[in-house]
Amino acid sequence: MADEKLKAAGIGAFDERVYRVLLTRTSATAAELMPDLGDSQARVTKALGRLHDLGLVGQLAGEGKRFAAIDPASGVEALVRDQERALELVRVAARELGELYRHGAGGRQGDEIEIVHGPEALGRRFVQLQQETSEEFMALDRPPYVLATENPVEERAIDRGVRYRVVYSPEALAHPIVGKDIQRLVRAGEDARMLTGVRIKLAIADRSTALLPLSLDVGDGLRAAVVHQSTLLDALVDYWELCWQQAIPFGAEASGDLTEDDRALLTLLVAGLKDDAIARQLGWSLRTMRRRVRRLHELTGTSNRFQAGAVAMRRGWL
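Because the structure is a prediction, the values reported are computed rather than measured.

Draft legend 1. Just the overall build of the protein, in detail. Along the protein, the regular secondary structure elements total 14 helices and ten strands. For the protein, the residues scored as buried account for 49% of the 318 residues in total. Residue pairs in contact within the protein that sit at least 24 positions apart in sequence constitute 68% of those at least 6 positions apart. Carbon and sulfur atoms provide 50% of the accessible area of the protein, an area that totals close to 15300 Å².

What follows is the structure, given as structure tokens:
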């Protein structure tokens, strides 16, 4: 029974053992966890996948499928809110796991600003920030990415009523995987916009805490600031609002003779993507993409992309 205190939250005994071992590491692969678990790599890999889907483990970007544990003080509490069963038992387990986390990962706390070091710590704080959000999560998003681009934590947060508003850079849309992830998240309820010239990455939870990488370097020297209530946080919120006001809505209603494909094409054109990136994003050949652009010029009575975007915005298509 020692490793079954999270059973009521949908976590099996073996998965909990994997989670406990991972909590003592900064990050690890399934193969690196095998000696402590005494089981096959295939079974450990499956357990890590289940823990990732529950928001207790983050998968780091890059080769090798490395995983890092998420702070149980937030991860387990999110499961408690979702399932609303056996609350007391899960909270007891969360406190025990918190002791393991503090012993294995540590941290640096400040009054208004906390600095976290390395991609693993940044990934954990990004997931934790989402899990602790109760009303609204706002973000500026652009490559490169520390975590795997898929974000199941967001979809669960949207399900529990959290509003997501995200401003993406054109580079994010041109990413071969991120563009599809954005479309899926928009269908799930995310309010997404695009803005050319996004130079930073930023996440803000309930306008009370912000996570700001201090560079776009995703190596071991990566540092990020966790900003709490302060005039700096107010300035970051104001900056995000300015970006939101200038950004182009993603996934607006089609109008008149505009088809869904036309709308997607217009959005990418106005965002400034190049022809090959647009064709790749929409799954078209370059020839098909350019034929569609000519059709848009005919539809809008324009001769270049800038004019087509201006007409589309004036008509309420974007």
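Draft legend 2. Representation of the pattern of salt bridges in the model. Applying the stated criterion across every chain yields a total of 17 salt bridges. For R207, the salt bridge identified is with E136, shortest N-O distance 3.5 Å. Remark: E136 occurs in strand β4 (residues 136–141) and R207 occurs in the loop between β7 (202–205) and β8 (209–213); sequence separation between them is 71 residues. Residue classification places R207 among the partly exposed positions, given a relative accessible area of 35%. Overlapping salt bridges bring together E136, R165, R207 and E241 as one network.

Draft legend 3. Main features of the packing of aromatic side chains. Here the structure, examined in full by the defined rule, presents three aromatic pairs. Measuring from centroid to centroid gives 5.2 Å for W240 and W244, while their planes differ by 15°, and the two rings are stacked. On the criterion of helical spacing, the pair formed by W240 and W244 is a turn pair, its members being four residues apart in helix α10 (residues 231–246). Overall, the relative accessible area of 6% leaves W244 in the buried class. These aromatic residues form a ring-pair network of at least three members: F126, F137 and Y164. The ring of F14 is capped by R43, whose NZ or CZ atom sits 3.9 Å from the centre of that ring.

Draft legend 4. A look at the packing of helix α1 (residues 13–23) against helix α2 (residues 30–37). Following both chains from N to C, one finds α1 and α2 inclined at 105°, their axes separated by 10 Å at the closest point. By the criterion of interaxial angle, the relationship of α1 to α2 is roughly perpendicular. The segment α1 lies against α2, with R17, V18, V21 and L22 engaging L33, D36 and L37. Within the contact of α1 with α2, the residues separate by chemical class into five nonpolar, no polar and two charged.

Draft legend 5. Representation of the sheet that holds strand β10 (residues 248–249). Overall, mixed pairing links the eight strands, which are arranged β3-β9-β8-β7-β4-β5-β6-β10 in an open sheet. Each end of this open sheet is capped by a strand with a single partner; those strands are β3 (113–117) and β10. Bridge count for β4 against β7 is four bridges, and the pairing is antiparallel. The residue bridging M138 from the neighbouring strand is I204, located in β7.

Draft legend 6. Seen up close, the nonpolar core. Counting residues in each nonpolar core, the largest one holds 45 residues, and the members touching the most others are F137, Y168, L265, I278 and M289. Apart from residues lying up to four places away in sequence, M289 is in contact with L265, L269, D275, I278, A279, W284 and R305. If you look at the next biggest cluster of nonpolar residues, it comprises 21 residues, including L6, Y19, L23 and V76.

Draft legend 7. Representation of helix α11 (residues 260–270). Those residues of α11 not exposed but buried are D262, R263, L265, L266, T267, L268 and L269. Just downstream of α11, G272 is the residue with a positive phi angle, here 95°.

Draft legend 8. Region of the structure containing the packing of helix α7 (residues 152–159) against helix α9 (residues 178–188). One can describe the packing of α7 onto α9 by two numbers: an axis separation of 10 Å at closest approach and a directional angle of 10°. Relative to α9, α7 is oriented roughly parallel. Within the contact between the two elements, α7 uses E154, E155 and I158 and α9 uses R184, L185 and A188. Classifying every residue of the contact of α7 with α9 by side-chain character gives three nonpolar, no polar and three charged.

Draft legend 9. Molecular detail of the pairing of β7. Every second residue of β7 is oriented toward a common face, with L202 and I204 on one face and A203 and A205 on the other, all of them buried. Sheet topology places β7 next to β8; three bridges connect them, and they run antiparallel. Bridging from a neighbouring strand, I204 pairs with A210 of β8. The hairpin turn running from β7 into β8, its antiparallel successor, is three residues long, and D206 in that turn takes a positive phi close to 50°.

Draft legend 10. Geometry of unusual backbone geometry. The omega torsion of the bond from P143 to P144 falls at 0°, within 30 degrees of zero and hence cis. As for its placement among the helices and strands, P144 is situated in the loop between β4 and α7. Although it is not a glycine, D206 sits at a positive phi angle of roughly 50°. Relative accessible area serves as the criterion here: at 25%, D206 is assigned to the partly exposed category. Unusually for a residue other than glycine, R207 sits at a positive phi of about 55°.

Cut-offs applied
Residues numbered from 1 in each chain as written. Predicted model: local features only at pLDDT ≥ 70, side-chain atom pairs only at ≥ 80, totals over all residues. Heavy atoms only, no water. Helix = DSSP H or I, 4+ residues; strand = E, 2+ residues; numbered from the N terminus. Buried < 20%, exposed > 50% of the residue type's maximum accessible area, 1.4 Å probe, protein only. Contact = heavy atoms within 4.5 Å. Areas by Shrake-Rupley, 256 points an atom, 1.4 Å probe, with all protein chains shown as cover. Salt bridge = Lys/Arg side-chain N within 4 Å of Asp/Glu carboxyl O. Phe/Tyr/Trp six-rings, centres within 6.5 Å; stacked < 30°, edge-to-face > 60°. Lys NZ or Arg CZ within 6 Å of the ring centre and 35° of its normal. Axes fitted to C-alpha atoms, helices over the stretch in contact; angles between N-to-C directions. Parallel < 35°, antiparallel > 145°, perpendicular 65-115°, else oblique. Nonpolar A, V, L, I, M, F, W, Y, C, P; charged D, E, K, R; others polar. Pairing = 2+ DSSP bridges. Core = buried A, V, L, I, M, F, W, Y, C linked by side-chain atoms within 4.5 Å.

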